Amino acid sequence: MSVSVVVGAQWGDEAKGKVVDLLAHEADYVVRYAGGSNAGHTVCVNGTTYKFHLIPSGILHPNATAVIADGVVMDLRAFVAEADALQAQGVDLSRLRIGLGVHLTMPYHRLLDELEESQVEGRIGTTKRGIGPTYGDKAWRIGVRVADLLDRDRFAQRVRRVLQRRNPTIQRVYNAKPIDADALIDEFAPYAERIRPYVCDAPHLLMGAVERGKRLLMEGAQGTLLDVDYGTYPYVTSSHPIAAGACLGTGIAPNRLSAIWGVAKAYTTRVGEGPFPTELTDAVGDRIRNRGREYGTTTGRARRVGWLDLVALRYAARVNGFTALAVTLLDVLSGFETLKVCVAYRLDGKTTREFIADAPALARCEPVYEELPGWREEIDGCRTLNELPANARAYLQFIEQAVGAPIRLVSVGPGREQTLWRD
Ligand code: IMP
């Protein structure tokens, strides 16, 4: 039995898609457990680039069943666009499964997300994909799920119920045009036929697979510091990207997890608002952004970039219980004379090595840096850890010691072959 989870160790965009793609070779099931089409995973195989937002990237592996489990929220329009694009690229979707309990992100969710983000005060910098309002309805118990969609009357009833609550907000709070329930039902009810072939009871499917000794790979979206409980609230997403979220989102019990991979960039990025102690707003930041092509897969937004924050990474290791680390985009750091890594924060005259998730307090933290020597050589052609310059190896060792989890994989480029493994 093996159940592995791949978790973002920072603020998302850690190149989890590549790590999942590498590990999926050995998986019978690849499972998305949280988030929705706010996520963006890019996988390059033999020169072809595939983009994923909702569908697990493990679908590229002919032996793996790809499951969108109940913790995910699904925008049907986005799903169909993604499914069509992948099918046009020759990807076989017959091994895709979608849980009955998946909540649907509807146009009123996107509208509410956009309206809320258009307010000057309190912006989160969301992806405007309707994620927060969808999880909000779920918690409020007025959400619409895949199981509802399969029965037109039940679907219509649920949509009317939620619009009775949401339309007054749209009209009176935001002064916007309400959503027409009939038109919405007419547009969305036919999606039932498009997704029916994929629908399954995901917890039963997955629990049964675990009991039969199948190998599962759970594909995290976003990152630990965006977790709604353990991230930098309110500048977070609305779900649980952390390893515990894999259990919540799939129904698999915590004691079944056998490997928890943390994926971290060799530096840090963040998209949207919120505190970021090691942020670089100078030419060094521009250089990292350009070399790392740090522009969002989902929104195209330029990402904020900064030095590696080991205080945050150690926190992520503790929250998730990483059994292995994957360090990605190490090649981006070539050419710097020295590299800074944040080893502590200064807050109100005191030094702390504990991460501070409270957003206003984190915003006041000053990073305490240690400087490590950089390396000049480009390393994207390296194929083993031994081929890396000594200073690159020393940089990795420094991370490993600070975080307390073994680095088992280093990525030096987007290709599958640009991966340095340590057994
Ligand atoms: P939401 O998930 O669209 O509600 O956005 C909430 C916060 O999470 C914002 O700061 C987004 O930029 C961030 N976020 C959501 N999804 C991703 C992702 O896939 N990568 C990086 N940041 C994300």
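Predicted, not measured: the structure shown is a model, and the values here were computed from it. (Residues numbered from 1 in each chain as written. Predicted model: local features only at pLDDT ≥ 70, side-chain atom pairs only at ≥ 80, totals over all residues. Heavy atoms only, no water.)

Enquirer: Give me the side chain of Thr224: which residues, what numbers.
Expert: By secondary structure assignment, the location of Thr224 is in the loop between strand 10 (215-219) and helix 10 (243-250). A polar contact of 2.9 Å, which involves the side chain of Thr224, links it to the side chain of Asn320. Aside from chain neighbours lying at most four places away, what touches Thr224 is Val7, Gly8, Ala9, Gln10, Tyr230, Gly231, Ile242, Ala316, Val319 and Asn320. (Helix = DSSP H or I, 4+ residues; strand = E, 2+ residues; numbered from the N terminus. Polar contact = N/O pair within 3.5 Å; in protein donor to acceptor, adjacent residues only side chain to side chain. Contact = heavy atoms within 4.5 Å.)

Enquirer: Break down the pairing of strand 10 for me, with residues and values.
Expert: A large share of strand 10 lies buried, amounting to four of its five residues. In the sheet, strand 1 (residues 2-8) pairs with strand 10 via five bridges, with the strands oriented parallel. If you follow Val3 over to strand 10, its bridge partner there is Leu216. In this structure, strand 2 (residues 29-32) lies alongside strand 10, joined through four bridges in parallel fashion. Its bridge partner being in strand 10, Arg32 is matched across the sheet by Glu219. (Buried < 20%, exposed > 50% of the residue type's maximum accessible area, 1.4 Å probe, protein only. Pairing = 2+ DSSP bridges.)

Enquirer: Go over the site of the ligand, please, and point to the residues and values.
Expert: Inspection of the region around the ligand gives 15 residues, with Asp13, Asn38, Thr127, Thr237 and Val271 positioned closest. Contact distances for the ligand include 2.6 Å between an oxygen atom and a side-chain N or O atom of Thr237. Alone, the ligand offers 460 Å² of accessible surface; in the complex the protein occludes 96% of this. In terms of residue class, the shell around the ligand is built from six nonpolar, seven polar and two charged. (Near = heavy atom within 4 Å. Areas by Shrake-Rupley, 256 points an atom, 1.4 Å probe, with all protein chains shown as cover. Nonpolar A, V, L, I, M, F, W, Y, C, P; charged D, E, K, R; others polar.)

Enquirer: Run through the sheet that holds strand 5 (residues 65-68), naming residues and quoting values.
Expert: Overall, mixed pairing links the 10 strands, which are arranged 9-7-5-2-10-1-11-15-19-20 in an open sheet. The open sheet has two edge strands, strand 9 (199-200) and strand 20 (419-421), and neither has a second partner. Two elements, strand 11 (residues 259-265) and strand 15 (residues 324-328), share five bridges in a ladder whose sense is parallel. Of the residues in strand 15, the one forming a bridge with Ala264 is Val327.

Enquirer: Please set out the pattern of salt bridges residue by residue, giving values where relevant.
Expert: Once their charged atoms are close, side chains differing in charge can pair, the charge on each being opposite to the other. A complete count under the given rule lists 23 salt bridges for this structure. A salt bridge links Glu294 to Arg303, with the shortest nitrogen-to-oxygen separation between them at 2.7 Å. When salt bridges with common partners are traced through the structure, they connect Asp13, Lys265, Glu294 and Arg303 into a single cluster. (Salt bridge = Lys/Arg side-chain N within 4 Å of Asp/Glu carboxyl O.)

Enquirer: Could you give an account of the packing of helix 3 (residues 107-117) against helix 6 (residues 152-173), with specific residues and numbers?
Expert: It is the contact of helix 3 with helix 6, at a shortest axis distance of 11 Å, that shows an interaxial angle of 25°. When the interaxial angle is binned, helix 3 and helix 6 end up roughly parallel. Between helix 3 and helix 6 lies a crossing whose hand is left-handed. Each of Tyr108, Leu111, Leu112 and Leu115 in helix 3 lies in contact with helix 6, whose residues at this interface are Val162, Leu163, Arg166, Thr169 and Ile170. (Axes fitted to C-alpha atoms, helices over the stretch in contact; angles between N-to-C directions. Parallel < 35°, antiparallel > 145°, perpendicular 65-115°, else oblique. Left-handed = near helix turned anticlockwise from the far one by under 90°.)

Enquirer: Any details on the nonpolar core? Residues and values, ideally.
Expert: Core analysis: the biggest nonpolar cluster contains 63 residues, and Leu330, Leu388, Tyr395 and Ile399 have the highest contact counts within it. A domain-level breakdown of this core finds at least three residues from each of domain 1 (2-100 + 201-260) and domain 3 (265-421). When neighbours within four sequence positions are excluded, Ile399 is seen to be in contact with Leu308, Leu310, Leu313, Leu325 and Ile407. Phe79, Ala83, Met106 and Leu163 belong to the second-largest nonpolar core, a separate cluster that totals 50 residues. (Core = buried A, V, L, I, M, F, W, Y, C linked by side-chain atoms within 4.5 Å. Domains from an automatic or database assignment.)

Enquirer: Describe the environment of Ile98, and please don't skip the residues or the numbers.
Expert: Locating Ile98 in the fold gives a position in strand 7 (residues 96-99). Not counting chain neighbours up to four residues away, the residues in contact with Ile98 comprise Ile68, Met74, Phe79, Val146, Ile195, Tyr198, Val199 and Cys200.

Enquirer: Just give me the short version of the domain arrangement of the protein chain, but keep the residues and values in it.
Expert: Entries for the protein chain in the domain assignment read domain 1 (2-100 + 201-260), domain 2 (103-194) and domain 3 (265-421). With 37 residues of domain 1 at the contact, the number on the domain 3 side is 41 residues. At the boundary of domain 1 with domain 3, total buried surface from both sides reaches about 2900 Å², with 60% on carbon and sulfur atoms. The largest contributions to the domain 1 side of the interface with domain 3 come from Trp11, Lys18 and Ile260, which together make up 23% of the buried area. Viewed at the interface, domain 3 and domain 1 are joined by two salt bridges. Residue Arg303 pairs with Asp13 through a salt bridge whose shortest N-O separation is 3.2 Å. Viewed at the interface, domain 3 and domain 1 are joined by 18 residue pairs in polar contact (both at pLDDT 80 or more). Secondary-structure elements contributing two or more residues to the side of domain 1 that touches domain 3 are helix 1 (16-23), strand 3 (41-45) and strand 11. If you tally residues by element for the side of domain 1 that touches domain 3, the top one is helix 1, at five residues. Of the residues that constitute the side of domain 1 that touches domain 3, the class distribution is 20 nonpolar, 12 polar and five charged. (Buried area = accessible area lost by both parts, 1.4 Å probe.)

Enquirer: Tell me what's going on with the environment of Thr419, and back it up with residues and numbers.
Expert: Counting through the fold element by element, Thr419 comes out in strand 20. Accessibility expressed as a relative area gives 5% for Thr419, which makes it buried. Separated by 38 residues in the primary sequence, Thr419 and Gly381 place their C-alpha atoms 9.8 Å from one another. Not counting the four nearest positions on each side in its chain, Thr419 is found in contact with Lys18, Leu22, Arg383, Leu409 and Val410.

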